[in-house]
Amino acid sequence: MTEPTAEPTAEDRKAGIAGVFDRAAATYDQIGVDFFAVIGERLVATAGPQPGERVLDLGSGRGASALPAARAVGPAGAVLATDLAPGMVASLRSRGGELPWLTAEVRDAEDPPDGPWDLVLGSLVLFFLPGLDDAVRRYRDVLSGSGRLAFSWFGDADKSWTEVYDAIDADLPADQRAPRGTPRQGPFAGPEAMAGFLEANGLGDHRTETHRITIEFTDSDQYWRWMWSQGMRYVLEMLESRDLLAAAQARVDPILEQRLQRDGVIRWWTDVHYTVARP
Ligand SMILES: C[S@@+](CC[C@H](N)C(=O)[O-])C[C@H]1O[C@@H](n2cnc3c(N)ncnc32)[C@H](O)[C@@H]1O
């Protein structure tokens, strides 16, 4: 008789996600396409940190939003950047040398340090949190009187890419395949669902704007480097551990080649939502 496999706990899931990003940190947002840094900068521009403000940045990665926030608040302000992946924190520390009022530490985004914070920022991270409801109430509680929570999250993405995703994980059992962009779950299903979620958690004053971002890969090699460099790396690691990666690449490369021949680049887009919320 085989023992039933225990469901992963929230802590297991967080450690699994942090592990993937830790192994991705050496190439994260450094493969020659503009993505996370562009989104982080737009998020900061939308949230508008002022000189002297205190900012808490959650799931900072290499600093896509923490670095522009630190430039905006200046030496009279302070930014605490946090991430569960030590490799990301080390990388951010080395990039933030010119900005001594930016500090970085390994910390769970579900456990924000006491405030008051004028701005709690999270670029492309809140959807990873298993305990999002409690975490958002904690963010609300550590905000200063004029404080706001600002975060970015994914919207619709290029549906023509379903054929690529299907080719990548065709050999995996259905329950282990990567989620297909849309429809997304819970508050991340769309701006209306997010509005209801924020209102239910004491952040009644909110606005969301949406902007499309497009990546143009120059060839399939750059596409694979992109996959290894970010969260989708977990699918490649799963395929590799089962000796299924080469077969997946053999299915995907002809599709990428067709796209390259047709468009001159391998083009992919996603919408990104930018939400700013206050109590
Ligand atoms: C998609 S990346 C975004 C990083 C950065 N904000 C950016 O925009 O480039 C998600 C980041 O969240 C971090 N992360 C995931 N779950 C976390 C948690 N529970 N606490 C802290 N960081 C977390 C990952 O390690 C990763 O660096």
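Note that this is a predicted model, so its numbers are computed, not measured.

Peer 1: I'd like a description of the side chain of S60, backed by residues and values.
Peer 2: Residue position: S60 is located in the loop between β1 (54-58) and α3 (66-73). Residue contacts for S60: discarding those within four places in its chain leaves A66, A81, T82, D83 and L92.

Peer 1: With reference to specific residues and values, describe the nonpolar core.
Peer 2: Membership of the largest hydrophobic core comes to 62 residues, with the highest contact counts inside it found for F35, L102, L121, I168, Y223 and W226. Sort the elements by how many residues they give to this core and helix α10 (residues 245-263) lands first, with 6 residues. Setting aside residues no more than four positions away along its own chain, I168 makes contact with Y223, W224, M227, V235, L239, A248, R251 and V252. The next biggest cluster of nonpolar side chains, apart from the first, holds 24 residues, and it includes Y139, L149, F151 and F188.

Peer 1: An account of unusual backbone geometry is needed here, citing residue identities and associated values.
Peer 2: Working note: non-glycine residues mostly have negative phi, and peptide bonds are mostly trans. The omega torsion of the bond from G115 to P116 falls at 5°, within 30 degrees of zero and hence cis. Checked against the element boundaries, P116 lands in the loop between β3 (102-106) and β4 (117-123). Unusually for a residue other than glycine, L124 sits at a positive phi of about 55°. Along the polypeptide, L124 turns up in the loop between β4 and α5 (132-142).

Peer 1: Residues and numbers for the pattern of salt bridges, please.
Peer 2: Summed over the entire model, instances satisfying the criterion amount to 17 salt bridges. R267 is the salt-bridge partner of E216, the closest N and O atoms lying 2.9 Å from each other. In this pair, E216 is assigned in strand β6 (residues 205-217) and R267 in strand β7 (residues 266-278), connecting sequence segments 51 residues apart. Under the relative-accessibility criterion, E216 is labelled partly exposed at 40%.

Peer 1: So what's going on with the sheet that holds strand β2 (residues 78-83)? Residues and values would help.
Peer 2: In spatial order, the strands read β3-β2-β1-β4-β5-β7-β6; together these 7 strands make up an open sheet with mixed pairing. Two strands bound the open sheet, and with one partner strand each, they are β3 and β6. Between one strand and the next, the sheet's axes are offset by a mean angle of 20°, whatever the strand orientation. Across 13 bridges, the pairing between β6 and β7 is antiparallel. Among the inter-strand pairings, E216 is bridged to a residue of β7, identified as R267. Here helix α2 (residues 36-47) sits on the sheet in contact with β4, β5 (143-157), β6 and β7, set at roughly 150° to β4.

Peer 1: Give me the lowdown on the packing of helix α8 (residues 220-229) against α10, citing residues and values where you can.
Peer 2: Two elements in contact, α8 and α10, have axes separated by 10 Å at closest approach and are oriented at 130°. The angle between α8 and α10 falls in the class oblique. The two elements α8 and α10 meet at a crossing, and its hand is right-handed. When α8 is examined against α10, the residues S220, Y223, W224 and W228 are found in contact with a partner set consisting of L245, Q249, V252, D253 and L256. Partitioned by chemical class, the residues of the contact of α8 with α10 number 6 nonpolar, 2 polar and 1 charged.

Cut-offs and rules
Residues numbered from 1 in each chain as written. Predicted model: local features only at pLDDT ≥ 70, side-chain atom pairs only at ≥ 80, totals over all residues. Heavy atoms only, no water. Helix = DSSP H or I, 4+ residues; strand = E, 2+ residues; numbered from the N terminus. Contact = heavy atoms within 4.5 Å. Core = buried A, V, L, I, M, F, W, Y, C linked by side-chain atoms within 4.5 Å. Buried < 20%, exposed > 50% of the residue type's maximum accessible area, 1.4 Å probe, protein only. Salt bridge = Lys/Arg side-chain N within 4 Å of Asp/Glu carboxyl O. Pairing = 2+ DSSP bridges. Axes fitted to C-alpha atoms, helices over the stretch in contact; angles between N-to-C directions. Parallel < 35°, antiparallel > 145°, perpendicular 65-115°, else oblique. Left-handed = near helix turned anticlockwise from the far one by under 90°. Nonpolar A, V, L, I, M, F, W, Y, C, P; charged D, E, K, R; others polar.

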